Amino acid sequence: MYYEPFYKRFPEIAKEETRRLLVFDDPDLPDDEYALLESYCSEPHCDCRRVFFNVFSKRRKQIVAVIAYGWESKRYYQKWLGDNNPDILRELKGPALNTASSQSELSSALLEKVKLVLKDKNYVKRLKRHYALFKKSVVMETLEESKNFPVVSKEKISRNDPCPCGSGKKYKKCCLQKDEEISLKNIFKGYNQMTAEFEETLDERTAGEIAHDNIVLSELRKGSSIKEALDAAAEKYPEEALQYDDENIDDIRIHYN
């Protein structure tokens, strides 16, 4: 299973929507800007619904942690994997340091920061949207190369076997290409539907949440600090108020940039 950087297929979206962590005076991490560079599985028939964060340090100019995260339930990954091993399922779902990747001395602390970031439901929705876009791109690319794509069938049919349609021709000379195209088009249809579902979820914010965020943005434009903006919004919409502290305030500030 190969994970490909999101920015390679969607550089403009990645430039605008990649999450960055600005760290200052933190007891566990040096002052730096850490970019969460997303990578997704490029297997067209795989629907793992996971992202790998390659955490890039701006000062060091290198990847300092690789963190895996799956947004579905453990039951989903159990069915997808066909295995009920709790250790494997825990790593699949994450967030967790990827055991197959090299990690730095900062990786454990960065994992804790990423856990906080993933509490932002809008950010998780963004990851789902990126995943759907990425997988659609993979499937479309594979459709273009369908002549060289191996057939996926419940029955193992060799290219040189008689075609099961009864024509008397070899499978490769008869229905192979059609079966490949049908298989890939079905996958494409599934991802197209999934993308539509993800886009719908982006519009599920309540009127109160939208009004709260509008007040925060308005206060920030006036020159208020992020804490002052959050307090002003919380005063009018206490049920939508975001809880902040010294540990997560930078992440919240980035959310409103």
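Residues numbered from 1 in each chain as written. Predicted model: local features only at pLDDT ≥ 70, side-chain atom pairs only at ≥ 80, totals over all residues. Heavy atoms only, no water.

Engineer: Tell me about the overall build of the protein chain, residues and numbers included.
Structural biologist: The helix and strand inventory of the protein chain stands at ten helices and six strands. Split into buried and exposed, the 257 residues of the protein chain put 41% on the buried side. The contacts in the protein chain between residues at least 6 apart in sequence include a share of 57% that link residues at least 24 apart. Just so you have it, the protein chain exposes about 15300 Å², and 48% of that area is on carbon and sulfur atoms. (Helix = DSSP H or I, 4+ residues; strand = E, 2+ residues; numbered from the N terminus. Buried < 20%, exposed > 50% of the residue type's maximum accessible area, 1.4 Å probe, protein only. Contact = heavy atoms within 4.5 Å. Areas by Shrake-Rupley, 256 points an atom, 1.4 Å probe, with all protein chains shown as cover.)

Engineer: Describe in detail the side chain of Arg19, supporting the description with residues and values.
Structural biologist: Relative to the assigned elements, Arg19 resides in the loop between α2 (11–17) and β2 (20–23). Side-chain polar atoms of Arg19 contact the side chain of Asp120, separated by 3.1 Å. (Polar contact = N/O pair within 3.5 Å; in protein donor to acceptor, adjacent residues only side chain to side chain.)

Engineer: Quick rundown of the nonpolar core? Include the residues and the values.
Structural biologist: By size, the foremost hydrophobic cluster in this structure holds 30 residues, and its most contacted members are Tyr34, Phe53 and Val55. Of all the elements in the fold, those that place two or more residues in this core are β2, β3 (32–41), β4 (50–57), β5 (62–70), α5 (107–117) and α6 (121–144). At six residues, α6 tops the list of elements feeding residues into this core. Those residues in contact with Tyr34, other than ones at most four positions away along the chain, are Arg19, Arg20, Leu21, Val23, Leu29, Val55, Phe56, Ser57, Val64, Leu106 and Leu110. In terms of nonpolar packing, the next biggest core, distinct from the first, is built from eight residues, Ile215, Val216, Ala229 and Ile249 among them. (Core = buried A, V, L, I, M, F, W, Y, C linked by side-chain atoms within 4.5 Å.)

Engineer: Explain helix α9 (residues 226–236) to me, using residue names and the numbers behind them.
Structural biologist: For α9, the complete set of buried residues consists of Ile226, Ala229, Leu230 and Ala233. What you see down the axis of α9 is that its buried residues fit within an arc of 95°, all on one side. (Arc of directions from axis to C-beta.)

Engineer: Would you mind going over the packing of helix α8 (residues 207–221) against α9 in detail, with residue names and values included?
Structural biologist: α9 packs onto α8 with a crossing angle of 145° between their chain directions and a minimal axis gap of 8 Å. The way α8 lies across α9 gives a crossing that is right-handed. In this structure, α8 uses His212, Ile215, Val216, Glu219 and Leu220 to contact α9, whose residues at the interface are Ile226, Ala229, Leu230, Ala232, Ala233, Ala234 and Lys236. In terms of residue class, the contact of α8 with α9 is built from nine nonpolar, one polar and two charged. (Axes fitted to C-alpha atoms, helices over the stretch in contact; angles between N-to-C directions. Left-handed = near helix turned anticlockwise from the far one by under 90°. Nonpolar A, V, L, I, M, F, W, Y, C, P; charged D, E, K, R; others polar.)

Engineer: Lay out the environment of Asn160 in plain terms, naming residues and giving numbers.
Structural biologist: Positionally, Asn160 belongs in the loop between α6 and α7 (176–201). A residue is classified by how much of its surface remains accessible, and Asn160, at 43% relative accessible area, is partly exposed. With eleven residues separating them in the primary sequence, Asn160 and Tyr171 have C-alpha atoms 5.9 Å apart. Leave out the neighbours within four places in its chain, and Asn160 touches Lys170 and Lys172.

Engineer: Describe the environment of Asp245, naming the residues involved and giving the relevant values.
Structural biologist: Topologically, Asp245 is positioned in the loop between α9 and α10 (249–255). Its relative accessible area of 39% is what places Asp245 among the partly exposed residues. Spatially, the C-alpha atoms of Asp245 and Lys227 are 9.3 Å apart, while their sequence positions differ by 18 residues.

Engineer: Report on the pattern of salt bridges, specifying residues and quantitative values.
Structural biologist: The final tally for this structure, using the stated rule, is 14 salt bridges. Between Glu141 and Arg9 there is a salt bridge whose closest N-O contact spans 3.2 Å. Here Arg9 lies in helix α1 (residues 6–9) and Glu141 lies in helix α6, a separation of 132 residues in the sequence. Among the salt bridges present, the one from Lys58 reaches Glu33, with a minimum N-O distance of 3.8 Å. (Salt bridge = Lys/Arg side-chain N within 4 Å of Asp/Glu carboxyl O.)

Engineer: Break down the pairing of β4 for me, citing the residues and quoting the values.
Structural biologist: With six of eight residues buried, β4 lies mostly within the body of the structure. Where β3 meets β4, six bridges bridge the pair, whose relative direction is antiparallel. Of the residues in β4, the one forming a bridge with Ser39 is Phe52. Sheet topology places β4 next to β5; eight bridges connect them, and they run antiparallel. Within β5, the position partnered with Val55 by the bridge is Ala65. (Pairing = 2+ DSSP bridges.)

Engineer: Tell me what's going on with the packing of aromatic side chains, and back it up with residues and numbers.
Structural biologist: Pairs of aromatic rings are described using the distance from one ring centre to the other and the angle between the two planes. Considering all chains together, one arrives at nine aromatic pairs under this definition. Centroid distance Tyr40 to Phe134: 5.7 Å. Interplanar angle 45°. Geometry classified as tilted. Remark: Phe134 occurs in helix α6 and Tyr40 occurs in strand β3; sequence separation between them is 94 residues. The exposure class of Tyr40 is buried, given its relative accessible area of 0%. Ring centres of Phe53 and Tyr123 lie 6.5 Å apart, and the angle between their planes is 20°; this geometry places the pair in the stacked category. Separated by 70 residues along the polypeptide, Phe53 in strand β4 and Tyr123 in helix α6 bring together distant segments of the chain. Aromatic rings pair up to connect Phe6, Phe10, Tyr40, Tyr69, Trp71, Tyr131 and Phe134 into one cluster. The residue whose ring lies beneath Arg9 is Phe134, and the NZ or CZ to ring-centre distance is 5.2 Å. When the ring centre of Tyr123 is taken as origin, the NZ or CZ atom of Arg19, which lies over that ring, is 4.5 Å away. (Phe/Tyr/Trp six-rings, centres within 6.5 Å; stacked < 30°, edge-to-face > 60°. Lys NZ or Arg CZ within 6 Å of the ring centre and 35° of its normal.)

Geometric values such as these leave the question of function open.
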